[in-house]
Amino acid sequence: MDTLWQYQFRIILLGDSTVGKSSLLKRFTDGVYSDVADPTVGVDFYARSLDIEPAVKIKLQLWDTAGQERFRSITTSYYRNSVGGLLVFDLTNRKSFEHVREWHREVSEHVLPYHMVYILIGHKSDLDKDRKVSREEAERLAAELGVRYVETSAKRNSNVDRAFELLTRDIYELMKMGEIDARDGWEGVKTGLSNKVLYPVEEVVEREKSCNC
Ligand SMILES: Nc1nc2c(ncn2[C@@H]2O[C@H](COP(=O)(O)OP(=O)(O)O)[C@@H](O)[C@H]2O)c(=O)[nH]1
Ligand SMILES: [Mg+2]
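These numbers come from a predicted model, not from an experiment.

Scoring rules and cut-offs
Residues numbered from 1 in each chain as written. Chains lettered and ligands numbered in written order. Predicted model: local features only at pLDDT ≥ 70, side-chain atom pairs only at ≥ 80, totals over all residues. Helix = DSSP H or I, 4+ residues; strand = E, 2+ residues; numbered from the N terminus. Buried ≥ 20, exposed ≤ 12 C-beta atoms within 10 Å, placed from the backbone. Contact = placed C-beta atoms within 7 Å. Near = placed C-beta within 6 Å. Nonpolar A, V, L, I, M, F, W, Y, C, P; charged D, E, K, R; others polar. Expected span 1.5 Å × (residues − 1). Arc of directions from axis to C-beta.

**Remarks on the overall build of the protein**
Stage number 1. Tallying secondary structure elements over the protein gives 8 helices and 7 strands in all.
Stage number 2. Looking at the protein as a whole, 38% of its 213 residues qualify as buried.
Stage number 3. Taking the intrachain contacts of the protein between residues at least 6 apart in sequence as the baseline, contacts between residues at least 24 apart amount to 73%.

**Structural notes on the site of ligand 1**
Stage number 1. Around ligand 1 lies a shell of 16 residues, among which G20, K21, S22, S23 and A37 are the nearest.
Stage number 2. Per-element accounting of the shell around ligand 1 gives the leading share, 3 residues, to helix α1 (residues 21–30).
Stage number 3. Class assignment for the residues of the shell around ligand 1 results in 4 nonpolar, 7 polar and 5 charged.

**Some thoughts on α1**
Residues spaced three or four apart along an α-helix face the same direction, because each turn holds 3.6 residues.
Stage number 1. Where burial is concerned, most of α1 is hidden: 8 out of the 10 residues are buried.
Stage number 2. All of the buried residues in α1 are K21, S22, S23, L24, L25, K26, R27 and F28.
Stage number 3. G31 lies just past α1 and shows a positive phi near 70°.

**Description of helix α4 (residues 100–111)**
Stage number 1. Here α4 spans 17 Å end to end across 12 residues, near enough to the 16 Å set by a 1.5 Å rise per residue.
Stage number 2. Of all the residues in α4, the buried ones are V100, W103, H104 and V107. Around the axis of α4, the buried residues are gathered within 95° of arc, so they sit on the same side. Summarising the geometry of α4, the exposed residues directed more than 90 degrees from the buried face are E102, R105 and E109.

Listed below in structure tokens is the structure:
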């Protein structure tokens, strides 16, 4: 049986080619990392659930942008149907940082009149000695865009869970405040099977304890 979840958020990975988007996703969803990235593109999206509050499980549907990183080659519906976005750049690649603003603008224009919730990710933090973008500079850009900033490494497994969790919590808080809603015909947020409705919470905890899944 599928895990019960109350909400599903669709989140996209944005950023230049080779910044490490697929590696971040693989680390987060499968717990693996490979220095030799698989160029084959067999998977469109990944999934993982997060327990955001006791008895509130959020399923993340995470969409990769493999091979579509060129500007304007991603279809509009791909952006439109997402509630959150990770703006990823490579800390050792200056150009990828400079392009963040363009990614942000491109996507934000396409989702109007709605808004997407972003987080800025400075990736490959394990390569600190080759760093071409300072933390201060990245924090300034994040402040300007009104988003959080986190430095991650898929290789060292540093801050990867934290980055996805922070973004998920931000979306969840906006949803609780009524700023974001599950709308008909929109894939960004879906309300799911609620174990709150199906079983009292205590019973769910008991069920989960006894479950080997
Ligand atoms: N040092 C280091 N290399 C990484 C990290 N994440 C990804 N890479 C490498 O960067 C290259 C591109 O990664 P990939 O995930 O395919 O990037 P994508 O094109 O944005 O999906 C691959 O050689 C990865 O092994 C990281 O955290 N640290
Ligand atoms: Mg990729």
